[in-house]
Structure formats: structure tokens, C-alpha cells
Number of protein chains: 2
Amino acid sequence: MQLVTIKDVAKRAGVAVSTVSRVINRSGYVGEETRRKVQSAMRELNFQPNRIARGLVSRQTSTIGLLIPDVANPFFAELARGVEDAAIARGYSVLLCNSDWNAVREQMYMHLLHGRWVDGIVVVGSRSEVVAIREAADETPMVLVDRRSSDFEWAVWTDNHLGAVMAVRHLLEIGCRDIIHLAGPADSPSAQERRRGYEDAMRAAGFAPISLEGDFRYASGFSLISELIAAGRTLDAIFAGNDLMAIGAIQAATRMGVDVPRDLAIVGYDNIPSAHYVSPSLTTIEQPAYEMGKTSFELLYELLTNEELDYQQPIKFEPKLIVRESSHRPI
Amino acid sequence: MQLVTIKDVAKRAGVAVSTVSRVINRSGYVGEETRRKVQSAMRELNFQPNRIARGLVSRQTSTIGLLIPDVANPFFAELARGVEDAAIARGYSVLLCNSDWNAVREQMYMHLLHGRWVDGIVVVGSRSEVVAIREAADETPMVLVDRRSSDFEWAVWTDNHLGAVMAVRHLLEIGCRDIIHLAGPADSPSAQERRRGYEDAMRAAGFAPISLEGDFRYASGFSLISELIAAGRTLDAIFAGNDLMAIGAIQAATRMGVDVPRDLAIVGYDNIPSAHYVSPSLTTIEQPAYEMGKTSFELLYELLTNEELDYQQPIKFEPKLIVRESSHRPI
DNA sequence: ACGAAATAGGGAAACGTTTTCATCCTCTTG
DNA sequence: CAAGAGGATGAAAACGTTTCCCTATTTCGT
């Protein structure tokens, strides 16, 4: 089979290519009968307009970039689904870009996306400076997720500071005093906000904050807590920067003979699916990943289509405490 | 800022556009000095060739489609990472398509990818007939993952039948007799292969196979097993078609007061990360998701670049039994 | 009944590349 | 020293659309 082009359709329908184009795009004037002729010609030839050629002239590719740290992380996977579902509903396709938490790779992708003429980009939990991102992507419209910026940006976020405060307060309420924070990477803005939330809540309660730096992965939670316990450090609670590390911490504690939650209460962040079926099940701060993804695409879509759109406040989702077994404590 | 085109570069370097093109693509003859002039002009203008225009004429987009049931499923997420990492290494981008286990949506995506002129498609665990897939995607090169076909296809797979047999044998060895299968959807080929493996192994051992049909999701494992136990059905083992359902089964059993593994042994399939930290940890059949993803892209790449490539046997990965707590039984 | 809209369509120029062809040098080589 | 082979470059034609600009008709308000 050879490519069926708009020309073939035009010839078959006995009209000019411009007419076919008008039929496809429902633009301009087309007579009723002509439209039918063209449409049946398209059907007969199984014609599909070529997005590449279309993109070249219209300068729109109906494609967006999704730049996330790692789809293998359940939180981002869920978010990605939200983005994709919303995108396909509007006729957009999604280019998947995993930065692997790496700023260099992030920039590289930005540059690549720019060269591919994506209509916009959803950037999740970026580690790069916003300025650097902007530069790499030039003028491509962007929506930042979970990354507040002091700049004038379009964004979707949850209040990480508040979420962390909620987590710490919960631990204080059930009687914990020696709460250690398992922080995310230093160059992740959301990790830092959570850390500050933890520190502020601790200080407000009159306790000294202590943070350990992990990398948001299961293994780092596991090894940091293993070492801590092995070193004989006593503690009665852990607030982890995300669920993966929290689950690692649970495993480490259990394996070292520390009973969770009796001797050690643990709270995570994100509420990924496995937080619910790990044992003991994990108390955590929920972020509505799917909704956030969906909303961020929709915001981007507004940005792309609504010409005279004004700057808008970042869209904020509320963090929510989900209490499960890992912080049950008979008082 | 306006787009920097090859024309701008040509003007700046004082050469023709065709020369610039030759420099970019390292094709044809270009004098040493001219090359340097062009290159510095490109650098000064921060020129980036436009993939869209390039794609139109060369008919190659350096983009592939990744059609999977659901990125939110950890197995597919891991596989997607494999595909993407391999793709980016060769300069390809990946268009993410979640079919949501839905054959109609699958066809729709195929059609869409065809219209976007992707160079190739990696199709994972498809539910559609191969013929239908082919048709929708026309002549676009494809690699099938985890989907053997009687047709003449390029594929990457693991022996699902064997994996299932291994799982059942393991259960028999630890003394289980009343083994029920929690099958995946009827129209998923890999689910059916696993089911047949289960049935064959059971019959070979002289037992009658009994299967329940789930949908590969956590909830279906949970509810099917809850109902089964509530109905008073006695059983001493479950072999689930994937880990998500197996974990659902573990939770259901535990919640109904059935001790896993003492009263009920459970084996899953896939070896997703949470199989390792669910409690009791889950015995499962491992599939090397990341490797499979990586390999499938590489196979596709071969297909795209190596003109005189001959038909090749499907690439086969070995399933592997990972024994964990959910099937520990003191004999 | 007359001119201005409105409606309907065609022709051709873009869009930013690659690629083919033609041209013009400068060496070899017999 | 003529003939051909390389080497280096430019001009222009693709690629498959959209879009702008025309030219006809028809419809309608006055």
C-alpha cells in the first residue's frame, strides 16, 4: 500500500485539495453535496490526514511532552495516566520522558521536546531551576506540577509544607516524641518543602528536628533505617518524604526486630497503592495523583487554546491524612 | 524569539541550505573549512533542526509508539522504562499509549500512531487479534511483547505456560492439593497461556483444575477470594495470574482470618516490586520487565535500520520461580 | 432591480527540511 | 595533454498539509 494523500482524495472526489482540507477541518464554506462526496472519497480510500505535514504548516503537533522523574514510581505512573487520559480526550498525544531525577537529562529532554515542536510540556517535580527549564524549552508553554516557583508560572501543586505538618502533628498526637525525618533529595523542591514542614512542626512542638537524606527510593529508606537501628539509635517515629522510603523503613524495622507500630510509628507521603497493602498498612499523606495529572493537562490545554487567558493562580490540591496501621498506637 | 531555521544558518555561514543540511547529516561532501563555518553559525544561532520538517521529507520521525495496557501497573511501568531508556539511547522518542485493556482503544491508538507516522510500535500484551492490529497500523513495523502469535511476527516473550507449570509444581511440592487459579481476563493471550499451564500441571498431577476469572487488578483478587472464603469453600493454595491479584488474595484471606501461608499458600506472577514487601512476602514467577522492554525496543530498532534483516525467532526470556513467605510451609 | 454580502470553490504559496541534479573545480592517469 | 574521476557546492524539487487570495455564483435588503 502507498500512502493515501489529500490529493488522492481530491482527485477521487473531483475537487481541489483545498476543498478537501476544508472538509477535514470544518473550516470555510463547503457545500453540502461536495462535503458528502469528499467524505465518501475519504472513507473509500481509508484516508487519514498526515499529522506531520499538518504540523509543519499549522505549527501545531497535537503532542505534549510529559517530563517526570520515573514512571516506575507508582505516584508518577498514576499521574501519567491522568495526563494521558485527559490528553487523548482532547486529541493530544503524550511523549514520555523519564528524567531519572537527573537535572542534566531533564534539560536534554527539554531541548529535544522543543525540537519536536511539542505544543506544551507538563513538568513534574523538576530538579532544575525554573529558569534553566525555560531556557531549554524556549517559549514552549509549560505547566509545573508539584513544583512551586517564585516566578510567574502555571502550576498544579499540593501544599507539601502543610502535608508534612499534618503528618508530624498526627505523630505527636499519638504520643511520639522522637520523630526522625527521612527526607527526599536536597534538590527536589517538594522534598524540601516537606522537610521544612517537618522542621517547623517539630520546633513548634518544642522538639529538635533530625533529618536523614534519602533519594525517594525503597532501597534508601531500607538502608538508612537499618543503619540507624543497628547503630543503636532509639526513636519512636519516622516521617518519610514518600511512601517508597516509608515502606523501606517498615521492612528494615521489622527485619531488625522493631515492632511497627508499637515501638516505632511510621508515616509516609503520596498514598501509593501499595501503602494500603503493605503490612502493617501505611499511614500516609494522600496526594490525588491521577487528578493532578488530569488537571495539569487541562490547564495546559487552556493555555494552548485560550488566547486571551490571564495568569492564573496555581491550582492547589489539599493533602489529606490517611491513618492506617503503621501509626496505630493504643494510648 | 522566532524560529531559527536552516536558512538563517545558511545565510550566516554564507553557504546554501543544502550545504548546511549536509553538515547536519554528515552526508555527501563538505569541505573542512565550510563545515567549521557552518558549525559555528549553528552554534551562534542556537540552531536546532526541526524534526517535523525533517520527518516530512525523510519519512522518518524518530518516534515510536508504546502501546501498553496500563502504566499504573508496576510490571508495565518497569517495562516502559526499559523501552524508553533503550529508545533515547538511539535518539528515538516514545509516545505513550494506555489501552486500558480495551481492544477498541487499542485499535484507536494503532490508527492514531499510524497517522503520526511513528517509525514503529511496541505492542505489549495486546488483547486484539494480531490481524486487527496489523490492519489498524497498516505497514508500521511492530514488535509484540508477551504475546505469541501463530503469525509471522517479531516478538519478545516469556514462556507463560512454563511459568504457570513451575508455579503449580512448586505448590504441589510443598504439599498443596486443592489449588485454585485466579485467572486473568479471557481475552488476554498471556492470561490464557498461564491458565492452560495451570490446567495442564494440575491434570498431570491428577487433580481437577478450577479457575476463577479476574481482571488482573488488585480489587478483583480481593473480592473473588473474599467471596470464595465467605462461601465456605475450602482450598489450600491459590495460583494467581499476576501479582496484583495475588496481593489482593493475600489481603482478602488475611482479613477473613485465614493464615497465609499456613492455611493457604499463594503464588503470583510478574514479581513486581511490592511482591517483595507485601506481608507475607509473595512467592511469584519473575518476568524481567525492564530487560524485556529494552530488548523489545532493540529488536524494533534492528527491524527499522537493518534492511536485509531476516525473520527471526521470537526472543524468549525464562520465567523464574522466586520463593518467598507466602508459600513457606513447614513440612 | 441593483449592489453588497454570503456562499462555494480553485490555485498556489507557504512550512523547514532532505535529496536529486547540475555545475564547476582540481587532480590523476595513461 | 586530454579524459575522466573525485570533491565541493548551489538550485530547485520534493514531502502532505493548511491557508491566503482569487473568482464565481447565489441570496438578500432596500
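Rules used throughout
Residues numbered from 1 in each chain as written. Chains lettered and ligands numbered in written order. Predicted model: local features only at pLDDT ≥ 70, side-chain atom pairs only at ≥ 80, totals over all residues. Heavy atoms only, no water. Phe/Tyr/Trp six-rings, centres within 6.5 Å; stacked < 30°, edge-to-face > 60°. Helix = DSSP H or I, 4+ residues; strand = E, 2+ residues; numbered from the N terminus. Buried < 20%, exposed > 50% of the residue type's maximum accessible area, 1.4 Å probe, protein only. Lys NZ or Arg CZ within 6 Å of the ring centre and 35° of its normal. Contact = heavy atoms within 4.5 Å. Salt bridge = Lys/Arg side-chain N within 4 Å of Asp/Glu carboxyl O. Buried area = accessible area lost by both parts, 1.4 Å probe. Polar contact = N/O pair within 3.5 Å; in protein donor to acceptor, adjacent residues only side chain to side chain. Near = heavy atom within 4 Å. Nonpolar A, V, L, I, M, F, W, Y, C, P; charged D, E, K, R; others polar. Arc of directions from axis to C-beta. Pairing = 2+ DSSP bridges. Axes fitted to C-alpha atoms, helices over the stretch in contact; angles between N-to-C directions. Core = buried A, V, L, I, M, F, W, Y, C linked by side-chain atoms within 4.5 Å. Least-squares fit on C-alpha atoms with pLDDT ≥ 70 in both. UniProt positions renumbered as here; feature names shortened; annotations may be inferred. Right-handed = clockwise from strand over helix to strand, strands pointing away.

Chain A is annotated in an unreviewed UniProt entry as LacI family transcriptional regulator from Alicyclobacillus sacchari.

**Some remarks on the packing of aromatic side chains**
Per the counting criterion, the structure on display carries 18 aromatic pairs over all chains. Centre to centre, the rings of B:Phe239 and B:Tyr269 are 6.4 Å apart; their planes meet at 50°, and the pair counts as tilted. Highlighted residues: B:Phe239 in strand β8 (residues 237-240) and B:Tyr269 in strand β9 (residues 265-270), separated in sequence by 30 residues. Under the relative-accessibility criterion, B:Phe239 is labelled buried at 0%. Take B:Tyr269: its relative accessible area is 0%, and that puts it in the buried class. An aromatic cluster of at least three residues, connected via ring pairs, comprises A:Phe75, A:Phe76, A:Trp101 and A:Phe216. Residue placement shows A:Arg194 over the ring face of A:Tyr269; its charged tip is 3.9 Å from the ring centre.

**As for the side chain of A:Ser274**
Among the structural elements, A:Ser274 can be located in helix α12 (residues 273-277). Residue classification places A:Ser274 among the buried residues on the basis of a relative accessible area of 5%. In this structure, A:Ser274 is in contact with A:Ile247, B:Ser274 and B:Tyr277, ignoring residues within four places of it in sequence.

**A short note on the pattern of salt bridges**
Inspection of every chain in the model, using the stated rule, returns 29 salt bridges over all chains. Across the pair B:Arg105 and A:Glu84 runs a salt bridge whose closest N-O atoms are separated by 3.7 Å. One end of the pair, B:Arg105, is in helix α6 (residues 103-115); the other, A:Glu84, is in helix α5 (residues 74-89), on a second chain. In this pair, the class of B:Arg105 matches that of A:Glu84, namely buried.

**Some points on the interface of chain A and chain B**
Chain A puts 52 residues into the contact, and the matching count from chain B is 53 residues. Of the roughly 4,600 Å² buried between chain A and chain B on both sides combined, carbon and sulfur atoms contribute 57%. Our enumeration of links across chain A and chain B arrives at 8 salt bridges. The partner of A:Asp100 in a salt bridge is B:Arg81, and the shortest N-O contact between them spans 3.1 Å. At the surface where chain A touches chain B, the tally comes to 28 residue pairs in polar contact (both at pLDDT 80 or more). Elements with a contribution of two residues or more to the side of chain A that touches chain B: α4 (51-58), α5, β2 (93-98), α6 (103-115), α11 (243-255) and α12 of chain A. Looking at the side of chain A that touches chain B element by element, the count peaks at 7 residues for α6(A).

**Notes on the protein's contact with DNA strand C**
Near DNA strand C you find 26 residues, and of these A:Ala16, A:Thr19, A:Thr34, A:Arg59 and B:Ile6 are the closest. When the atoms of DNA strand C within 4 Å of the protein are grouped by moiety, sugar and phosphate amount to 62% of the total. At 2.7 Å, a side-chain N or O of B:Ser21 approaches a phosphate oxygen of DNA strand C. One of the backbone nitrogen or oxygen atoms of B:Ala53 is found 3.4 Å away from a base nitrogen of DNA strand C. Where the surface near DNA strand C is concerned, the elements lending two or more residues are α2 (17-25) and α4 of chain A together with α2 (17-25) and α4 (51-58) of chain B. Looking at the surface near DNA strand C residue by residue, the classes come out as 12 nonpolar, 11 polar and 3 charged.

**A look at helix α7 (residues 130-137) of chain A**
Note: α-helices contain 3.6 residues per turn, so residues at a spacing of three or four share the same orientation. Residues and elements named next belong to chain A. Within the span of α7, buried status applies to Val 130, Ile 133, Ala 136 and Ala 137. Considered in projection along α7, the buried side chains sweep an arc of 130° and stay on one side of the axis. Facing away from the buried side of α7 by more than 90 degrees, the exposed set consists of Val 131 and Glu 135. Next to the buried residues of α7 lie α6, β3 (120-124) and β4 (142-145).

**Here's the deal with the sheet that holds strand β6 (residues 179-183) of chain B**
Residue and element names in this part refer to chain B. Read from one edge of the open sheet, 6 strands run β7-β6-β8-β9-β10-β12, paired in mixed fashion. Because the sheet does not close on itself, it has two edges, and the strands there are β7 (210-213) and β12 (320-322). Each strand of the sheet is rotated relative to its neighbour by a mean of 20°, with strand direction disregarded. In this structure, β6 lies alongside β8, joined through 4 bridges in parallel fashion. In the sheet register, Ile 179 faces β8, and the bridge partner there is Ala 237.

**Description of the nonpolar core**
Core analysis: the biggest nonpolar cluster contains 117 residues, and A:Leu182, A:Ile266, B:Leu182 and B:Ile266 have the highest contact counts within it. Non-local contacts of A:Ile266, meaning those with residues more than four positions away in its chain, are made with A:Ile238, A:Ala246, A:Ala249, A:Ile250, A:Val260, A:Leu282, A:Thr283, A:Ser326 and A:Ser327. One finds A:Ile88, A:Cys97, B:Ile88 and B:Val123 within the second-largest nonpolar core, a separate group that totals 36 residues.

**Quick look at the relation of the copies chain A and chain B**
Between the two copies, chain A and chain B, the superposition gives an RMSD of 0.1 Å; the rotation angle is 180° and the shift along the axis is 0.0 Å. Taken together, the rotation and translation relating the two chain copies correspond to the operation of a two-fold axis. In this assembly the copies share their binding face: 100% of the residues contributing to the interface of chain A also contribute to that of chain B.

**Structural notes on the UniProt feature "domain: HTH lacI-type" (unreviewed entry) in chain A**
In the numbering used here, UniProt assigns the "domain: HTH lacI-type" (unreviewed entry) feature to residues 4-58 of chain A. Secondary structure over residues 4-58 of chain A splits into 71% helix and 0% strand, and the C-alpha atoms at its two ends are 20 Å apart.

**A closer look at the pairing of strand β4 (residues 142-145) of chain B**
Residues and elements named next belong to chain B. Alternating residues of β4 divide into Met 142 and Leu 144 and Val 143 and Val 145, and every residue in both groups is buried. The pairing of strand β3 (residues 120-124) with β4 spans 4 bridges and is classified as parallel. Considered in β4, the bridge of Val 122 is made with Val 143. With helix α7 (residues 130-137) bridging β3 and its parallel neighbour β4, the resulting β-α-β unit is right-handed. Where β4 lies against strand β5 (residues 155-158), 2 bridges are found, and the strand directions are parallel. The residue bridging Val 145 from the neighbouring strand is Val 156, located in β5.

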